[in-house]
Amino acid sequence: MAPRTQILLLLGIPLVLVVGLVLTSQLLPSSEAGRAYVQRVTLPSASDDLDLPSVSGDEALPLVVIDAGHGGHDPGATGQGLVEKSLVLSLARALKQELEEEGGVRVALTRDDDRYLLHAERFEIARRLNADLFLSIHADSAGDASEVEGASIYTLSNEASSDAAARFAERENASDRLNGVNLSDQSDTVSTILVELSQRRTQEQSAEFARLIRREGEGVLRFHPQAIRSAALKVLRAPDVPSVLFESGFITNAAEAQRLGSAEGREQFAQTMARAIRIYFARQQ
């Protein structure tokens, strides 16, 4: 075979293969061509009518809205066989039961099943119900750093109290994204102005509730050394409802995961948080 022919074959064969692959991909169904590996989930819009939860009890009683973080397509953190969205829902239900059994307080859950809610929808539920307090419950992951442990209590601030708080806020706020698309209808600029003008009245109330959780949990719950933090968390942006996010612990820590996933751990959490809520309402009255 002539050298020129060999060169043409060496250059031509790859070109023929490329053209063949392109033509094949156009003829095959998209799933066979590798085009279906994009997650597609039908998500609610923050502007849609909200399905408000039912609230029982005397309207004269104060109302706390309890928000179990994540849900639906968003599992949250995972570790030690636990999934955050399921764990925090069990904690929210335990707290609701504790408060209802003791009486004197009305309670509502933003979700009581495995559904997904935008951050704006979570605090908007509290606003539309004229809630007196909003509590969002979460659990964290430290990745391979399995020794990290301890609960944290977050209040809203445009400036994070630490680098760790800033990273946490960025991670939590990102749950309103899917395939890189921002699902929240509320712009950060509008949110910031809203916070600066209206949130000032509730900032101190939120901080007071955070301090009560820390005080009532002393010796019962295990707290992070920097227990009370602040960050620009979207879920806490209700301008007229005192709001706190409780990071119940790290489920990547074996001992903490075991405690949070146990009936005893849920009871300790529920009793501690119920005391803090009641003391808070007593002080406000």
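Structural data are supplied above this passage.
Residues numbered from 1 in each chain as written. Predicted model: local features only at pLDDT ≥ 70, side-chain atom pairs only at ≥ 80, totals over all residues. Heavy atoms only, no water.

Asks: Can you tell me about the sheet that holds strand β4 (residues 106-109), naming the residues and giving the values?
Replies: By definition, the strands of a sheet pair up through backbone hydrogen bonds, in either a parallel or an antiparallel sense. Spatially, the 6 strands line up as an open sheet ordered β4-β1-β5-β10-β6-β9, and their pairing is mixed. Each edge of the open sheet is held by one strand with a lone partner, namely β4 and β9 (223-231). Averaged over all pairs of adjacent strands, the angle between strand axes in this sheet comes to 20°, irrespective of strand direction. Sheet topology note: the strand β6 (residues 151-156)/β9 ladder contains 5 bridges and is parallel. Within the sheet, the bridge partner assigned to Ala 151 lies in β9 and is Phe 223. Seen against the sheet, helix α2 (residues 84-102) touches β1 (63-68), β4, β5 (133-140) and β10 (243-250) and runs at an angle of roughly 140° to β5. (Pairing = 2+ DSSP bridges. Helix = DSSP H or I, 4+ residues; strand = E, 2+ residues; numbered from the N terminus. Axes fitted to C-alpha atoms, helices over the stretch in contact; angles between N-to-C directions. Contact = heavy atoms within 4.5 Å.)

Asks: How would you sum up the packing of helix α6 (residues 200-216) against helix α8 (residues 263-284)? Please name residues and give values.
Replies: In contact at an axis separation of 9 Å, α6 and α8 are set at 140° when each is read in the N-to-C sense. Our classification of the angle between α6 and α8 gives oblique. Helix-helix and strand crossings are classified by hand; for α6 and α8 the assignment is right-handed. Within the contact between the two elements, α6 uses Gln 205, Glu 208, Phe 209, Leu 212, Ile 213, Arg 215 and Glu 216 and α8 uses Thr 272, Met 273, Arg 275, Ala 276, Ile 277, Ile 279, Tyr 280, Arg 283 and Gln 284. Partitioned by chemical class, the residues of the contact of α6 with α8 number 8 nonpolar, 3 polar and 5 charged. (Parallel < 35°, antiparallel > 145°, perpendicular 65-115°, else oblique. Left-handed = near helix turned anticlockwise from the far one by under 90°. Nonpolar A, V, L, I, M, F, W, Y, C, P; charged D, E, K, R; others polar.)

Asks: Describe the packing of aromatic side chains, listing the residues and the values that go with them.
Replies: With the rule as written, the count across this model stands at 3 aromatic pairs. Every member of this aromatic cluster is reached through a ring pair, and the members are Phe 209, Tyr 280 and Phe 281. (Phe/Tyr/Trp six-rings, centres within 6.5 Å; stacked < 30°, edge-to-face > 60°.)

Asks: Describe the environment of Thr 202, with residues and values.
Replies: Note that Thr 202 resides in helix α6. Owing to a relative accessible area of 4%, Thr 202 belongs among the buried residues under this scheme. Separated by 69 residues in the primary sequence, Thr 202 and Leu 133 place their C-alpha atoms 9.9 Å from one another. (Buried < 20%, exposed > 50% of the residue type's maximum accessible area, 1.4 Å probe, protein only.)

Asks: Break down α8 for me, citing the residues and quoting the values.
Replies: Since the α-helix turns once every 3.6 residues, residues separated by three or four places project in the same direction. Under the 1.5 Å per step criterion, the end-to-end length of α8 is 32 Å for 22 residues, consistent within 8% with the ideal 32 Å. Every buried residue belonging to α8 is among Gly 265, Phe 269, Ala 270, Thr 272, Met 273, Ala 274, Ala 276, Ile 277, Tyr 280 and Phe 281, and all of these are buried. Looking at the buried side of α8, the elements it contacts are β1, α2, β5, α6, β10 and α7 (254-260). (Expected span 1.5 Å × (residues − 1).)

Asks: Would you mind going over the side chain of Asn 253 in detail, with residue names and values included?
Replies: Relative to the helices and strands, Asn 253 resides in the loop between β10 and α7. At 3.0 Å, the side chain of Asn 253 and the backbone oxygen of Ser 146 are in polar contact. In terms of polar contacts, Asn 253 uses its side chain to reach the backbone amide nitrogen of Ala 255, at 3.1 Å. With residues up to four places along the chain from it excluded, the contact list for Asn 253 reads Gln 80, Ser 146, Glu 147, Val 148 and Glu 149. (Polar contact = N/O pair within 3.5 Å; in protein donor to acceptor, adjacent residues only side chain to side chain.)

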